[in-house]
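Take a look at the letters that make up each chain.
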Amino acid sequence: LLALLHTNFVKMAAVLVYLTIMAAALASAFGELTPDFYSETCPHALTTIKFLVGAAIFREPRMGASLVRLHFHDCFVNGCDGSILLDDTDDMTGEKTAKPNSNSVRGYEVIDTIKAAVNTVCLGNVVSCSDILAVAARDSIVALGGSSYDVLLGRRDATTASMDDANNDIPTPFMDLAALQDSFESHGLSLNDLVVLSGAHTLGYSRCLFFRGRLYNETNTLDPEYAASLDERCPPAGDDDALTSLDDTPTTVDTDYYQGLMQGRALLHSDQQLYQGDGGDADELVKYYSENPSKFWEDFGAAMVKLGNMSPLTGDEGEIRENCRVVNQE
């Protein structure tokens, strides 16, 4: 009797494993992203990504902002498909050399390290580069003091990239509010999403090239004391690559960013556009998040999930790249 029960138990366990794997396969086939997509095919994938993101940020705290930005700039160009990671080839000029990315977006080597490690723990090429970008962004937020959120997984990787699309689709630091809204709405993102996702500028730095115009041409909306401190770091000409933090705590996820907007201390023109002191909807959202940090954590996580769901490749679309920099060889 015991032998019979044991045999039946083994059969039932095998059936459950089979059904779980089939469910994951069906979810992929029908384009459904799920938080547990790799729970059977590579159960150690997410812990591996988390460990290596933490190690990269420990070595250089600024890297957290860079990994978040990689995910943003990837998703805004034809969806979250890892296309930003592709190197140029003789037949394709990719996104790395586009104006919003060239000499600005960084962290590619960290993604290379993560991909190689994940391929090892998964015993093969299982986890897509686009999923690694989404998870690394979340893990960076958490490592620097933000709240966690479930990343939906199951994306596949693009087999091409476009410099022109990157130049046209990524919002710039020179945009007015109307242009920012149009850009976000074209990707299915609302004004609320715009304001809360801009809160990612609680992290990181900007080059002088991107805020020089605001510093010397927008004195009416710039706090004088703050402007004086920027003069020392960003002259009217030259030193384009000189860095200044986007808020006073560039390696901590907090709501200081929103408080800075209300004080005329936004570094970028596009950020100050979110708060113009006219009592508009954007003003009210900035004020709300500055006063409600817990609500910011909650809404930011939800908006990041929404961002990560922009036009993913799933099922038989695209591929899972062995090396995030190049398309798989047939």
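Residues numbered from 1 in each chain as written. Predicted model: local features only at pLDDT ≥ 70, side-chain atom pairs only at ≥ 80, totals over all residues. Heavy atoms only, no water.

For the chain, an unreviewed UniProt entry supplies the name Peroxidase and the organism Eragrostis curvula. For the record of the chain, the UniProt heading Subcellular location (unreviewed entry) holds the text "Secreted". (UniProt positions renumbered as here; feature names shortened; annotations may be inferred.)

Novice: Just give me the short version of the layout of surface pockets, but keep the residues and values in it.
Specialist: The space that makes up the largest pocket amounts to roughly 950 Å³. Listing elements by their share of the lining of the largest pocket, those giving two or more residues are α3 (63–75), α7 (177–185), α8 (191–198), β1 (205–207) and α12 (269–272). Looking at which domains feed residues into the lining of the largest pocket, each of domain 1 (44–170) and domain 2 (177–306) supplies at least three. Volume-wise, the second largest pocket comes out at about 210 Å³. Lining the second largest pocket are 15 residues; nearest its centre among them are Tyr-226, Leu-246, Asp-247, Asp-248 and Arg-265. Of all the secondary-structure elements, those providing two or more residues to the lining of the second largest pocket are β2 (243–245) and α11 (256–262). Here the lining of the second largest pocket gets five residues from one element, more than from any other, and that element is α11. Grouping the amino acids of the lining of the second largest pocket by side-chain chemistry returns five nonpolar, five polar and five charged. (1 Å grid on protein atoms, 1.4 Å probe; cavity = no way out; pocket = protein on both sides within 12 Å on 5 of 7 lines; lining within 4 Å. Points joined across faces, edges and corners; volume = space filled by probe spheres on them. Helix = DSSP H or I, 4+ residues; strand = E, 2+ residues; numbered from the N terminus. Domains from an automatic or database assignment. Nonpolar A, V, L, I, M, F, W, Y, C, P; charged D, E, K, R; others polar.)

Novice: Summarise the state of the cysteines; cite the residues concerned and give the values.
Specialist: Scanning the entire structure with this criterion turns up four disulfides. Linked covalently through their sulfurs, Cys-42 and Cys-122 form a disulfide whose S-S length is 2.0 Å. Since a negative S-S torsion denotes a left-handed disulfide, the Cys-42-Cys-122 link at about -85° is left-handed. Here Cys-122 lies in the loop between α4 (108–121) and α5 (129–143) and Cys-42 lies in the loop between α1 (2–29) and α2 (45–59), a separation of 80 residues in the sequence. In this pair, the class of Cys-42 matches that of Cys-122, namely buried. For Cys-129, the disulfide goes to Cys-324, at an S-S distance of 2.1 Å. Its S-S torsion of about -100° marks the bond between Cys-129 and Cys-324 as left-handed, since a negative value means left-handed. (Disulfide = S-S within 2.5 Å. Buried < 20%, exposed > 50% of the residue type's maximum accessible area, 1.4 Å probe, protein only.)

Novice: I'd like a description of empty space enclosed by the protein, backed by residues and values.
Specialist: Applying the stated criterion across every chain yields a total of two cavities of 30 Å³ or more. Each pocket or cavity is described by its volume, and for the largest cavity that value is around 60 Å³. The wall of the largest cavity is formed by His-71, Ala-134, Tyr-149, Val-151, Leu-152, Arg-155, Met-304, Val-305 and Gly-308. Sort the elements by how many residues they give to the lining of the largest cavity and helix α14 (residues 293–308) lands first, with three residues. Within the lining of the largest cavity, the residues separate by chemical class into six nonpolar, two polar and one charged.

Novice: Could you give an account of the domain arrangement of the chain, naming the residues involved and the relevant values?
Specialist: Looking at the chain, the domain boundaries give domain 1 (44–170) and domain 2 (177–306). A separation of 23 Å is found between the C-alpha centroids of domain 1 and domain 2. Tallying the contact residues gives 20 residues for domain 1 and 20 residues for domain 2. Between domain 1 and domain 2 lies a buried interface of about 1,700 Å² when both sides are counted; carbon and sulfur atoms form 75% of it. At the boundary of domain 1 with domain 2, the tally comes to zero salt bridges. Across the contact surface, domain 1 and domain 2 share three residue pairs in polar contact (both at pLDDT 80 or more). (Contact = heavy atoms within 4.5 Å. Buried area = accessible area lost by both parts, 1.4 Å probe. Salt bridge = Lys/Arg side-chain N within 4 Å of Asp/Glu carboxyl O. Polar contact = N/O pair within 3.5 Å; in protein donor to acceptor, adjacent residues only side chain to side chain.)

Novice: So what's going on with the UniProt feature "active site" (unreviewed entry) in the chain? Which residues, and what values?
Specialist: UniProt records the feature "active site" (unreviewed entry) for His-73 in the present numbering. Position of His-73 relative to the elements: it lies in helix α3. With relative accessibility at 10%, the residue His-73 sits in the buried group. Apart from the residues lying within four places of it in its own chain, the contact partners of His-73 are Ile-84, Glu-95, Pro-100, Asn-101, Val-105 and Ile-170.

Novice: Pulling in residues and values, what's your account of the packing of α2 against α4?
Specialist: Two elements in contact, α2 and α4, have axes whose closest approach is 10 Å; the angle formed by their N-to-C orientations is 150°. Taken together, the axes of α2 and α4 lie roughly antiparallel to each other. Regarding α2 and α4, the two cross each other, and that crossing is right-handed. Residues Ala-45, Thr-48, Ile-49, Leu-52, Val-53 and Ala-56 of α2 form the contact with α4, whose own contacting residues are Val-110, Thr-113, Ile-114, Ala-117, Val-118 and Val-121. When the residues that make up the contact of α2 with α4 are grouped by side-chain class, the tally is ten nonpolar, two polar and no charged. (Axes fitted to C-alpha atoms, helices over the stretch in contact; angles between N-to-C directions. Parallel < 35°, antiparallel > 145°, perpendicular 65-115°, else oblique. Left-handed = near helix turned anticlockwise from the far one by under 90°.)

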